[in-house]
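Single-letter residue listing:
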Amino acid sequence: MNGNPYLEAFDWLADPVHWSGPSGIPMRALEHLGYTALGVFVAALIAVPIGLLVGHTGVGKGVAVAAAGAARALPTLGLVTLFALMLGIGLSAPLLSFVVLAIPSLLAGAYSAVESADPATVDAARAQGMTEWQILSRVEVPLGMPLLVGGFRGATVQVVATAMLAAYVGNGGLGRYIFLGLGSQDYPQMIAGSVLVIVLALVLDLVLLLTQRLTAPRGARTA
Amino acid sequence: MSWVLANLDVIAGYTGSHLLQALPPILLAFVLSLPLAKLANSRGWLRTSVTTSSGLLYAIPSLPLFVLLPGLLGTGVRSPLNISIALSLYALALMVPAASDGFRSVSRDVLGSATAQGYAPTARFLKVELPLAGPVLLAGVRVVAVSTISLVTVGGVLGVPSLGMLFVDGFRRGILAEITAGVVLTAVLALVTDGLLVLLGRALMPWTRGRTVKRS
């Protein structure tokens, strides 16, 4: 390498050729966002109802906590390659790994959100004649909303990173640039791809952080 | 299974380099987090900004960080040192907020009593504050250890030797047993380390036996 690879990466990013067509940056970024949204959405369909139920009833809490903890030990690259080999090329293999990896954060966010409500407040709601469903939907969930959004934040961070590894097993997304660069020893392209993924990850994280702050119920801000 | 039995030496080698990349960041993050957390706790605004920036640093996916660092550090993309430095940053991003919470969980009254009893600042820190913050620190180190051991594998796609190589090689050659062995071994390595940390915690903090600590 002769020149400064960071400057060359900047040139790569500034080149209009890389901003159009099916393998251009906007398209790859959209793919990446699409994978992330789909993965978090499917995982939320599974994990949020279970988490809310666990938090509200306290049943199965030990299992949920243990599952969320043990899942942290699972290597993402291992799951991506394992599912790719088992299910073949296509979107189902990476999607399955996104869902598996997003579930623990969402589950933990949902049950800790419900649990965070002050028991005295919940009892007061019950004494007012609220049904269990009303207590959950009108008291516990609104009070715990920042924690629930926190679960989505953790899951999104996880899936954005995993979606990049999906490019390794033949899918699209911004990870493509890193692996193309790796294959052709094109370090500037790898840097450019890395910068794009980092920007995407940080923007998503900031949006969710802001949502987390905005959804905190007024007068009941918890640390 | 036959693949595993035929390649025990390869697996052992990868496990060794895996641990060599994972353990120093865990240790380093723990040691560095103590002064950094004390410093962060000394000012409200500093604590807030440390917590926020740690959260953002943790949002950066590991592979891009592995790619960006070599040019700055003068290491190569395939250097294990590069992986360890990136993992140290992640470990710090998790550990500093945890240590900050840990020190905040120690009652000011207790610290005041210790001073009144004649503890000098250093002795007070080592004999009163650190042990009382211990359970929360332990909870933090456990999270750091498990996530670091799991993250090392990502270096496999860059060709850095670790159990992650079993995923890369297994995928390339279509050997399901090789990938499965890698997933199981990584998880086992993480969970065994976690178990050892729990035992270490019990030995160092006998008063916490039978209690679990949750970080708010």
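Note that this is a predicted model, so its numbers are computed, not measured.

## Examining the interface of chain B and chain A
- Counting from both sides, the interface comprises 40 residues of chain B and, opposite them, 39 residues of chain A.
- Contact between chain B and chain A buries roughly 3200 Å² in total, counting both sides, with carbon and sulfur atoms accounting for 79%.
- Counting the surface chain B buries against chain A, the share from its top three residues, Leu68, Val157 and Phe171 of chain B, is 18%.
- Applying the counting criterion to the chain B and chain A interface returns zero salt bridges.
- Summed over the shared surface of chain B and chain A, the number is six residue pairs in polar contact (both at pLDDT 80 or more).

## A short note on the layout of surface pockets
All names here are of chain B.
- Roughly 470 Å³ of internal volume is contained in the second largest pocket.
- Surrounding the second largest pocket, 17 residues form its lining, Phe30, Val141, Leu197, Leu200 and Leu204 being those nearest its centre.
- The set of elements that each furnish at least two residues to the lining of the second largest pocket consists of helix H2 (8-41), helix H7 (121-151) and helix H9 (176-204).
- In terms of residues, the lining of the second largest pocket owes the most to one element, H7, which gives six residues.
- Its residues assigned to classes, the lining of the second largest pocket shows 14 nonpolar, three polar and no charged.

## A closer look at the UniProt feature "transmembrane region" (unreviewed entry) in chain B
All names here are of chain B.
- In the numbering used here, UniProt assigns the "transmembrane region" (unreviewed entry) feature to residues 12-34, 55-73, 79-99, 136-159 and 179-205.
- With 100% helix and 0% strand, residues 12-34 has end C-alpha atoms that lie 34 Å from one another.
- Secondary structure within residues 55-73 divides into 89% helix and 0% strand; the distance between the first and last C-alpha atoms comes to 23 Å.

## Examining helix H4 (residues 76-87) of chain A
- In a regular helix each residue adds 1.5 Å, so twelve residues correspond to 16 Å; H4 of chain A covers 16 Å between its end C-alpha atoms and thus fits that length.
- Counting buried positions along H4 of chain A gives nine out of twelve residues, so the element sits mostly inside the fold.
- Buried-residue contacts for H4 of chain A involve helix H5 (92-115) and helix H7 (132-166) of chain A together with helix H8 (164-173) and H9 of chain B.
- Count one or two residues on from H4 of chain A and you reach Gly88 of chain A, which has phi positive near 85°.

## Re the packing of aromatic side chains
- Using the criterion set out here, one finds six aromatic pairs over all chains in the structure.
- Arranged with centres 5.1 Å apart and planes meeting at 70°, the rings of Trp12 of chain A and Tyr177 of chain A form a pair that is edge-to-face. In this pair, Trp12 of chain A is assigned in helix H1 (residues 5-14) and Tyr177 of chain A in helix H8 (residues 175-183), connecting sequence segments 165 residues apart.
- A residue is classified by how much of its surface remains accessible, and Trp12 of chain A, at 11% relative accessible area, is buried.
- Between Tyr58 of chain B and Tyr90 of chain B, the ring centres sit 6.0 Å apart and the planes meet at 90°, which makes this aromatic pair edge-to-face. Of the two residues, Tyr58 of chain B is situated in helix H3 (residues 44-59) and Tyr90 of chain B in helix H5 (residues 80-104); the sequence distance between them amounts to 32 residues.
- Relative accessible area serves as the criterion here: at 3%, Tyr90 of chain B is assigned to the buried category.

## Section: a nonpolar patch on the surface
- On the surface, Met86, Leu87, Leu96 and Val100 of chain A together with Leu176 of chain B cluster together into a nonpolar patch covering about 390 Å² of accessible area.
- Looking at the nonpolar patch, the elements that each hand over two or more residues are H4 and H5 of chain A.

## Looking at the pattern of salt bridges
Residue and element names in this part refer to chain A.
- Under the counting rule described, the total for this entry stands at nine salt bridges over all chains.
- Salt-bridge contacts for Arg28 lead to Glu31; the nearest nitrogen and oxygen are separated by 2.9 Å. Taken together, the residues span about one helical turn, with Arg28 and Glu31 both in helix H2 (residues 25-57) at a distance of three residues.
- Among the residues examined, Glu31 registers a relative accessible area of 23% and is labelled partly exposed.
- A salt bridge links Lys61 to Glu115; its shortest N-O distance comes to 3.3 Å. Of this pair, Lys61 sits in helix H3 (residues 61-71) while Glu115 sits in helix H5, and the two are 54 residues apart along the sequence.
- Each of Asp123, Arg126 and Glu132 takes part in one network of salt bridges that share partners.

Conventions used here
Numbering of residues begins from 1 in every chain and follows the order in which that chain's sequence is written. Chains carry letters from A onward and ligands carry numbers from 1 onward, assigned in written order. With pLDDT at 70 or above as the cut-off, local features in this predicted model cover only qualifying residues; side-chain atom pairs require 80 or more to be listed or tallied, and sums for whole chains, interfaces and linings still use all residues. For side-chain calculations, the full set of non-hydrogen atoms in the structure is used, while hydrogens and water are omitted. Any two residues whose heavy atoms approach within 4.5 Å at even a single point are treated as in contact. Note on terms: buried area is the combined drop in 1.4 Å-probe accessible area of two parts once they are placed together, counting the loss on both. Salt bridge, as used here: a side-chain nitrogen of Lys or Arg that lies within 4 Å of a carboxyl oxygen of Asp or Glu. N or O atoms closer than or at 3.5 Å make up a polar contact, with two conditions inside protein: a donor-capable atom paired with an acceptor-capable one, and, for residues adjacent in sequence, both atoms drawn from side chains. Residues are said to line a cavity or pocket when one of their atoms sits within 4 Å of a point; the points come from a 1 Å grid over protein atoms alone, cavities being sets where a 1.4 Å probe fits but cannot get out and pockets being open sets with protein on both sides within 12 Å along at least five of seven lines. Grid points are joined across faces, edges and corners, and a volume is the space filled by probe spheres set on the points. Secondary structure follows DSSP: runs of H or I at least 4 residues long count as helices, runs of E at least 2 residues long count as strands, and numbering of each begins at the N terminus. All amino acids are sorted into three groups, where Ala, Val, Leu, Ile, Met, Phe, Trp, Tyr, Cys and Pro are nonpolar, Asp, Glu, Lys and Arg are charged, and the leftover types, Gly among them, are polar. UniProt positions are given in the numbering used here, feature names are shortened, and annotations may be inferred rather than shown by experiment. One less than the residue count of a helix, multiplied by 1.5 Å, gives the span that helix is expected to have. The cut-offs for exposure are 20% and 50% of the maximum accessible area for each residue type, with area from a 1.4 Å probe on protein chains only; residues under the lower value are buried, those over the upper are exposed, and the others partly exposed. Working definition: a ring pair exists when centres of Phe, Tyr or Trp rings (six-membered ring for Trp) sit within 6.5 Å. Plane angles under 30 degrees give stacked, over 60 give edge-to-face, the rest tilted. What makes a patch is a set of residues exposed beyond 30% relative accessible area and free of salt bridges, joined within 9 Å when like-charged and within 5 Å when nonpolar (Val, Leu, Ile, Met, Phe, Trp, Tyr). Only the protein chains shown count as cover for residues, and all accessible areas are computed by the Shrake-Rupley method using a 1.4 Å probe.

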